[in-house]
Structures are given as C-alpha cells and as structure tokens.
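# Survey of secondary and tertiary structure
One letter stands for each residue in the lines below.
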Amino acid sequence: MNHDDENNISIKETIKNKIKDKIKKELLEEIYNELQLEEDELTDEISDMLTQKIADNKLKITHSVKNASKPEKKIEFETKTLEEIPKEIYISVKTVLKVASHALKSANSKIPKKKWVEVIGLLAGKLDDNTDIIHIEDAFPMGHGTAVYAEIKDYKNYTRAYHDIKKQKLFICGWYHSHPSYGCWLSAEDMGTQARYQKLWDKSVALVIDPYQIDGKSTGFEIYRADIKANTWYPLVYDIKGSLDIKMLPEILEFINPIIEGKALYLEYDED
Ligand SMILES: [Zn+2]
C-alpha cells in the first residue's frame, strides 16, 4: 500500500465515521423527540386522570350526581351547604316547643298507644314583605280529635284565638296538627283543611308533627303548602329562629314533661 492509498482509506474511514455519527445523532434525536412526545402525552394523560380522580372524590363528598361529566360546574354544588339553602319559613323556639308538647300531651308513654289522638292548633306569625319569608312566632293549641283526625270544632274558640293573635300584632299564617307515630304527610282530609286555609290566605302553611320522630336528629315536623290545582302538597324549607340545637330537643321536652301532664315542673323538698 502506498501513501496515497493509505490516505484514501483514512479519508474514507473519516467520512464513514462522520456519516455514522450523523446517523447516530439523528437517530438519537428522533428517539429523544419521540420519547419527549410520549412523555408529554403521558403527562397529559396522568394529569387528566388525577384531575378526574380529584373531581370524583369531591363528587362523593357532596353526593352530587348532577353534572358528573362537567367538572367545571361542580363547584356550585360543593359550596352550597345546608345553612346556605334559602329558607321560606323561620319558626320560633317557642312555637316548636308548644307544638311538640301539645302533640305529646295526647300521645305519650303514660297513655296506651291505641288511645293516642291527634291535636290541632293555629300558627301565628308575620310576613316579611321584602323577602317573602314567613316568620312563625307562636302556636295556639285548639283541641284534639280522634286517632287519625283532628279539626277545630268550636268556632267561638277560633274567634277567641283570632283576637288573641291580633293583639300580638300577628296573623294566622296556618295551622298545625299531629300524626303521633305515623310520620309527616298530608292526608286527603288534611288537604281539604289546607285548601280552606289557602283560600283565606294563599301563603298559608300546614305544619305536621310526629313527636316520635324527635330523636335528637330530627325536629319531628315538616311544613307544607298545597298545590290546589294539582291536588298535591310539597314541603317548605324552614329553619328554627335563634338556631336551636336539635340535639337538645328531646332533653328539653323531657324537662318540661311535668307541665304537659299538668304538674309543677319540680318541687322543693320542703313543698313535699
Ligand atoms: Zn293529618
């Protein structure tokens, strides 16, 4: 091999190596780009999955099934707590205690269950014209009826109550009656009574109490209004004024029980 030959080989070798390097570099770049792309896709996919997972978890907490496929709308459901739902009625603690104790007077553990009867009374309050919210301030016990039906029998008593309510600068905004141990709803007779009240005032309400549902978790009552045309009824959203803790209700009623039975709340030992 002469010198020229050697030189030629060397040049060839160099070119070959250069081409090899170039191909290597290009190939590596291509692989790198592909990997980068895949990584980006994966990152997107993973972040999508995570977002979905977070959204799913949030959904579970709120029990909101609506708009499950549109996470951006879920926020509305998450932030609305029970306290934030607009109320249609505010009822005073006095009314709650009066209605509950009246219901218990004719249906309690000292009376055999088959002798339990319903009680009935009037609800007095006022309307806030700006908000359209009814404020039930007081209850006026009227009487009691059969096991499944109570009505205001004496019109004289109704008139007496009407004047007492007017004196307090309130008006009759509805009526209440009890369903001792058979839940809160409006029967066909109840619907008839409610229709009469709504004829007098279209915003009149019907409170139904089952004192045996007062268990520390429930107030034991619902407040309804009737859709006269459709012959149906629906519950209204209410809250107790002054935020009475429902957990305390059974204990308070137990404490005032002697009054319900017509006895002194308590006696001193000296009085015995
Ligand atoms: Zn009823």
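All residue numbers refer to positions counted from 1 along the written sequence of the respective chain. Owing to the predicted nature of the model, reporting of local features is limited to residues with pLDDT of at least 70; listing and counting of side-chain atom pairs is limited to 80 or more, with chain, interface and lining totals taken over all residues. In computing side-chain values, all of the structure's heavy atoms are included and hydrogens and water are not.

Under an unreviewed UniProt entry, the name given to the protein chain is MPN domain-containing protein, and the source organism is marine sediment metagenome.

## Let's talk about the overall build of the protein chain
Check the secondary structure of the protein chain and you find seven helices and eight strands. If you sum the accessible surface of the protein chain, you get close to 18800 Å²; carbon and sulfur atoms cover 56% of it. Counting from the N terminus, the helices are DSSP H or I runs at least four residues long and the strands are E runs at least two residues long. Residue exposure ignores everything except the shown protein chains as possible cover, and the areas themselves are Shrake-Rupley values with a 1.4 Å probe.

## Observations concerning the coordination of the zinc ion
Distances define the donors: N, O and S atoms within 2.8 Å of the metal qualify, as do those within 3.2 Å of Na, K or Ca. Water is excluded, so some sites may look unfinished. Looking at the zinc ion, one finds its protein donor set to be His177 (NE2), His179 (NE2), Asp190 (OD) and Asp190 (OD), positioned 2.0 to 2.7 Å from the metal centre. Only protein chains enter the accessibility calculation, which uses a 1.4 Å probe; a residue is then buried when its area is under 20% of its type maximum, exposed when over 50%, and partly exposed in between. For histidine 179, a relative accessible area of 1% gives the class buried. Owing to a relative accessible area of 4%, aspartate 190 belongs among the buried residues under this scheme.

## Here's the deal with the packing of aromatic side chains
Here a ring pair, both rings aromatic, is described through the centre-centre distance and the interplanar angle of the planes. Centres within 6.5 Å are what make two rings of Phe, Tyr or Trp a pair, Trp counting through its six-membered ring; a difference in plane orientation under 30 degrees is then read as stacked, over 60 as edge-to-face, and the rest as tilted. What the rule picks out here adds up to six aromatic pairs. Taking 4.8 Å as the distance between ring centres and 15° as the angle between the ring planes, the aromatic pair formed by tryptophan 116 and tyrosine 212 counts as stacked. On the criterion of sequence distance, the pair formed by tryptophan 116 in the loop between helix H3 (93-105) and strand E2 (119-128) and tyrosine 212 in the loop between strand E5 (205-209) and strand E6 (221-227) is long-range, its members being 96 residues apart. Judged by relative accessible area, which is 10%, tryptophan 116 ranks as buried. The class for tyrosine 212 is partly exposed, based on a relative accessible area of 38%. Here the aromatic rings of tyrosine 224 and tryptophan 233 are separated by 4.9 Å at their centres, their planes lie at 70°, and the arrangement is edge-to-face. Judged by its relative accessible area of 4%, tyrosine 224 is buried. Using a relative accessible area of 32% as the deciding quantity, one classes tryptophan 233 as partly exposed. Above the face of the phenylalanine 140 ring, lysine 98 is positioned so that its terminal group lies 5.3 Å from the ring centre. Put simply, a charge is over a ring when the Lys NZ or the Arg CZ is close to the ring centre, within 6 Å, and near the line of the ring normal, within 35 degrees.

## Looking at the nonpolar core
Proteins that are soluble and globular tend to have nonpolar side chains buried together. Throughout, nonpolar core names a set of buried Ala, Val, Leu, Ile, Met, Phe, Trp, Tyr and Cys residues whose side chains join them through atoms within 4.5 Å. Residues Ile91, Ile136, Leu207 and Ile223 are the most contacted members of the largest nonpolar core, which totals 29 residues. Take this core: its biggest share by element is five residues, from H3. Once you skip the residues sitting within four places of it in the chain, isoleucine 136 turns out to touch Ile89, Tyr90, Ile91, Ser92, Thr95, Leu123, Ala124, Gly125, Cys173, Val205 and Ile223. Leu122, Ala161, Met191 and Tyr197 belong to the second largest nonpolar core, which has 20 residues in total. Contact criterion: two residues are considered in contact whenever any of their non-hydrogen atoms come within 4.5 Å of each other.

## Details of unusual backbone geometry
Look at aspartate 132: it is not a glycine, yet its phi comes out positive at around 70°. The residue aspartate 132 is located in the loop between E2 and strand E3 (133-144) in this model. Positive phi values are uncommon outside glycine, yet serine 181 reaches one of about 80°. Structurally, serine 181 can be placed in the loop between strand E4 (171-178) and helix H5 (188-200).

## Brief notes about a nonpolar patch on the surface
Each patch is built from residues that are more than 30% exposed by relative accessible area and take part in no salt bridge. Like charges join if they lie within 9 Å; nonpolar side chains (Val, Leu, Ile, Met, Phe, Trp, Tyr) join within 5 Å. Salt bridges are defined by distance alone: a side-chain nitrogen of Lys or Arg within 4 Å of a carboxyl oxygen of Asp or Glu. A cluster of nonpolar residues, Ile11, Ile15 and Ile19, forms a patch on the protein surface that exposes about 270 Å² of accessible area. Along the chain, isoleucine 19 falls in helix H1 (residues 3-62).

## Some words on the pattern of salt bridges
Applying the stated criterion across every chain, the model contains five salt bridges. Among the ionic contacts, a cluster of salt bridges with common partners joins Lys94, Lys98 and Asp138.

## Focus on H5
Every helix has an expected span of 1.5 Å times one less than the residues it contains. Given a rise of 1.5 Å per residue, 13 residues ought to cover 18 Å, and the 19 Å separating the end C-alpha atoms of H5 matches this to within 8%. When we look at burial in H5, the residues that qualify are Asp190, Met191, Thr193, Gln194, Tyr197 and Gln198. Looking down the long axis of H5, one finds its buried residues gathered within 165° of arc, a one-sided arrangement. Exposed residues pointing more than 90 degrees away from the buried face of H5 are listed as Ala188, Arg196, Lys199 and Leu200. An arc is given here, and it is the one of the directions from the helix axis to the C-beta atoms.

## Let's talk about the layout of surface pockets
Volume-wise, the largest pocket comes out at about 410 Å³. As for the largest pocket, its lining consists of 14 residues, of which Leu82, Lys87, Tyr238, Asp239 and Ile246 are closest to the centre. Broken down by element, the residue count for the lining of the largest pocket peaks at three residues, all from strand E8 (residues 238-240). Only protein atoms enter the calculation, which uses a 1 Å grid: trapped sets of points that fit a 1.4 Å probe without letting it out are cavities, open sets showing protein on both sides within 12 Å along at least five of seven lines are pockets, and any residue with an atom within 4 Å of a point is a lining residue. Grid points are joined across faces, edges and corners, and a volume is the space filled by probe spheres set on the points.

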